[in-house]
Amino acid sequence: MKEEKILIIIKPDAIVRGLIGEVFTRFERKGFKIIGTKMIELGDILLDEHYAHLKDKPFFAGIKKFMTASPVMLIAASGVNASAAGRLIAGQTAGHEADAGTIRGDLSMSIQSNIVHVSDTTENGELEVARFFNEEELHTYKRADEVMIYSDVHEDF
Ligand code: ADP
C-alpha cells in the first residue's frame, strides 16, 4: 500500500450548483488528506494539457467551453492508493450510469457536466498535482485520525 497524491477538480457545474462543500466532505470523510486548494479560472494552455488525451474527440471544444464557464476549485489530496480509491468515490464518467453512492451517481445525470475530475492513476496523480500546484502550495500535516483510517497499516486499531 502506497501513499499517493491526486488532483481533484470541482467542475463548473458543481461550483454554480453550490456543491463545493459536498465534494470536499466526501473526500474528507473517506480519509483523504487535503494538502492544497485554490480556485482558478482555467485557460486554454492548461486545458489543452489536462485533456490532451481527448483533443481529437468531437466533444473537445464543448469540454473546454464547459470547463471555462466558471472558476473551478482545485484540490490536491493524498492517501493510500488514492487514485484507485478516488475514482471509486467519483464514479463512472457518465452521471446517469454511475453507481448510486458515488459523487457522480448521486449528483449528476450528464456525461460532460459530471461534477468532478479525479486523477485516474498513480502517475497521473503526481503529474496533475505538479501541473496545477507549486511546491509552496502543498502542505504537510498529520490527520488526527490517521491511525484509525489506516488501521491495517497501523496495527493498534
Ligand atoms: P473521466 O473524467 O471519468 O476520467 P475522461 O477522461 O474520458 O473521463 O473524460 C474527461 C471529461 O470529458 C469527462 O469527465 C467529461 O466531463 C468529458 N467527457 C467525456 N466523454 C464525453 C462525451 N462523450 N461527451 C461530452 N463530454 C465528455
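Notes on the structure follow. (Residues numbered from 1 in each chain as written. Predicted model: local features only at pLDDT ≥ 70, side-chain atom pairs only at ≥ 80, totals over all residues. Heavy atoms only, no water.)

## Overview of helix 2 (residues 20–30)
Logical step 1: Looking only at helix 2, the buried set comprises V23, F24, R26 and F27. Each buried residue of helix 2 lies within a common arc of 160° when the element is viewed along its axis, so the set occupies one face.
Logical step 2: The inward-facing, buried residues of helix 2 contact strand 1 (3–10), strand 2 (33–40), strand 3 (72–80), helix 5 (82–90), helix 6 (103–107) and strand 4 (116–118).
Logical step 3: Once helix 2 finishes, G31 follows within two positions and takes phi at roughly 125°, a positive value. (Buried < 20%, exposed > 50% of the residue type's maximum accessible area, 1.4 Å probe, protein only. Helix = DSSP H or I, 4+ residues; strand = E, 2+ residues; numbered from the N terminus. Arc of directions from axis to C-beta. Contact = heavy atoms within 4.5 Å.)

## Focus on unusual backbone geometry
Logical step 1: Here the phi dihedral of N81 falls at roughly 50°; this positive angle occurs in a residue that is not glycine.
Logical step 2: Here N81 is to be found in the loop between strand 3 and helix 5.
Logical step 3: Assessed through its relative accessible area of 33%, N81 is described here as partly exposed.
Logical step 4: Although it is not a glycine, I115 sits at a positive phi angle of roughly 75°.
Logical step 5: Checked against the element boundaries, I115 lands in the loop between helix 6 and strand 4.
Logical step 6: Taking the relative accessible area as the measure of exposure, I115 reaches 0% and is therefore buried.

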